[in-house]
Protein chains: 2
Amino acid sequence: MEERMKEMQEQEKRVQTRLGKIRHKLAILSGKGGVGKSTVTANLAVALAQRGYRVGVLDADIHGPSIPKLLGVREGKLTTSRTGNQEIVPVEGPLGIKIVSLDFLLPSDETPVIWRGPMKMAAIRQFLADVAWGDLDFLLVDLPPGTGDEPLSIMQLIKDIDGVLMITAPSQVSQLVVKRAIGFTRELNVPLVGIVENMSGFICPKCGAEFNILGNGGGQKISEQLGIPFLGKIPIDQRICEDSDDGMPFIVKHAETPAAKAFMQVVEKVEKYLEQQRGRS
Amino acid sequence: MEERMKEMQEQEKRVQTRLGKIRHKLAILSGKGGVGKSTVTANLAVALAQRGYRVGVLDADIHGPSIPKLLGVREGKLTTSRTGNQEIVPVEGPLGIKIVSLDFLLPSDETPVIWRGPMKMAAIRQFLADVAWGDLDFLLVDLPPGTGDEPLSIMQLIKDIDGVLMITAPSQVSQLVVKRAIGFTRELNVPLVGIVENMSGFICPKCGAEFNILGNGGGQKISEQLGIPFLGKIPIDQRICEDSDDGMPFIVKHAETPAAKAFMQVVEKVEKYLEQQRGRS
């Protein structure tokens, strides 16, 4: 028992030492699934790397890891460093982005991850304690839906997190779930960078008519209601889904689309937020 | 310790007594979030109730409960029966559907449910042990994304579950996650009713052009690859989202749409599956 305690304390120390070498830590949360958390994370990582930052992505979605697919590195394997300290070496993605995901460790596409909370907590702790993240400007953490073990573990381990990006789809049903996720960040006293409204409206590529397939304006509404910065609306665009399936961030492949432009505005707002935070501290 | 064990055994007995009065138990799973599990559950409940069945819905999505919103009963409150046995009385929804959801117990829309696995397991156990479900033809269980504590608890408690409906969106990223959820049912030896492909294709209401916004055919592909019955494709329809936001099942409000018709075919296949199961036993 005492040995186990000591082991935990040492792991905690390793987590804090590694995190100390990472300038900014951001988590991408929503509470709701299928609103584009992972797509936002992957594209944000690439946008930041394009600007010259050193970026790492921790895929904390244990049951449904999709970051490797979205960044086109599903063939990657996590290895152990040859030096004595048994570090896990992250997979290197586009523009040198360092990626850690459970997807790299699963033997086949059909292998389920049937883990209860404590197993998931242990995995996340290890991903922070034993991965050779090195010196980074940004660590982005892609969180699964819900406000349970995974986000709770991340918030408790990354004590100096810069902030959370909250992603929502415009529908009322999404808003309902996302509001609770905002409550989660408030209860835990974690700063919110702001809200991104994803899948907002659809313009028919043939006739130009606009349809609000999943609604429109829901993210903006929450932002006003709860007094949280609004980072932007990203419209539905079939090419986002196609690019995601191809493992190619759409802000690279389709940089000229309204969706990519809206996304780059989100990135600028994130940078501005971090500048202001620096000004304050 | 001994007392706690005894208490657990008694609770387990209550679960099995209650479940004994329910003819069919179905769970709606996906692994992935935002593919329409709750929408399928709500509409399936109404379709079955329309056919004269007595239906109950257990919303097992602890962090993001949406069934009350989708069935228009968010104002409902769970009460305790006045008889001595302290049963929880479910909220009655449209067509007498009995509904239990954590949403009924949360004081405000912003209240997050920050629970680790063991708390969620306890809540689900209680929803099965202490709710006055009564005699039902169907209990539908709406599961959250992932293959962790909630689905695991449900599969372990409902030992004679008739089957799982697997919902997917057509994109490759969804398929990847859903395949793991199929692996989950296989590992646990739980029968699969089949796959529903939701959000499949979009027809422009103005010009009639068809777009595969989130892809098309992904569910069918998994069904062929893994040898699982295919229950049908439900196209994207803005009215589904609007009806969901209004708390009105779209198969009632927009019964004549291709989406509603596709959905009714899914319902028929579910009934046929259950008939075949009965034939076998």
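Being a predicted model, the structure only gives us computed values, none of them experimental.

Conventions we followed
- Residues numbered from 1 in each chain as written.
- Chains lettered and ligands numbered in written order.
- Predicted model: local features only at pLDDT ≥ 70, side-chain atom pairs only at ≥ 80, totals over all residues.
- Heavy atoms only, no water.
- Contact = heavy atoms within 4.5 Å.
- Buried area = accessible area lost by both parts, 1.4 Å probe.
- Salt bridge = Lys/Arg side-chain N within 4 Å of Asp/Glu carboxyl O.
- Polar contact = N/O pair within 3.5 Å; in protein donor to acceptor, adjacent residues only side chain to side chain.
- Buried < 20%, exposed > 50% of the residue type's maximum accessible area, 1.4 Å probe, protein only.
- Helix = DSSP H or I, 4+ residues; strand = E, 2+ residues; numbered from the N terminus.
- Axes fitted to C-alpha atoms, helices over the stretch in contact; angles between N-to-C directions.
- Parallel < 35°, antiparallel > 145°, perpendicular 65-115°, else oblique.
- Nonpolar A, V, L, I, M, F, W, Y, C, P; charged D, E, K, R; others polar.

*Asks:* Account for the interface of chain B and chain A, with residues named and values stated.
*Replies:* At the interface, 60 residues of chain B touch 60 residues of chain A. A buried area of about 5,000 Å², summed over both sides, lies between chain B and chain A, and 62% of it is on carbon and sulfur atoms. There are 4 salt bridges connecting chain B and chain A. In this structure, the salt-bridge partner of Arg180(B) is Asp103(A), at a minimum N-O distance of 2.7 Å. Scanning the region where chain B abuts chain A turns up 30 residue pairs in polar contact (both at pLDDT 80 or more).

*Asks:* Now, about the pattern of salt bridges: what can you tell me, with residues and values included?
*Replies:* This model, assessed by the stated rule, comprises 33 salt bridges over all chains. Taking the shortest distance from any N to any O, the salt bridge between Arg239(B) and Asp237(B) comes out at 2.9 Å. Using a relative accessible area of 34% as the deciding quantity, one classes Arg239(B) as partly exposed. Using a relative accessible area of 13% as the deciding quantity, one classes Asp237(B) as buried. Notably, a salt bridge pairs Asp243(B) with Lys253(B), separated by 3.7 Å at the nearest N-O pair. Of this pair, Asp243(B) sits in helix H8 (residues 238–246) while Lys253(B) sits in helix H9 (residues 250–253), and the two are 10 residues apart along the sequence. Sharing partners across several salt bridges, the network here consists of Arg74(A), Asp103(A), Asp109(A) and Arg180(B).

*Asks:* Help me get a handle on the packing of helix H1 (residues 2–19) of chain B against helix H4 (residues 117–129) of chain B, residues and values and all.
*Replies:* Each pair of packed helices can be summarised by the angle the axes make with each other and by the distance between the axes. All names here are of chain B. Interaxial distance between H1 and H4 falls to 8 Å at its minimum, and their mutual angle equals 50°. Here H1 is positioned oblique relative to H4, judged by the angle of their axes. Of H4, the residues touching H1 (which contributes Met8, Gln11, Arg14, Val15, Arg18 and Leu19) are Arg125, Gln126, Leu128 and Ala129. By residue class, the composition of the contact of H1 with H4 is 5 nonpolar, 2 polar and 3 charged.

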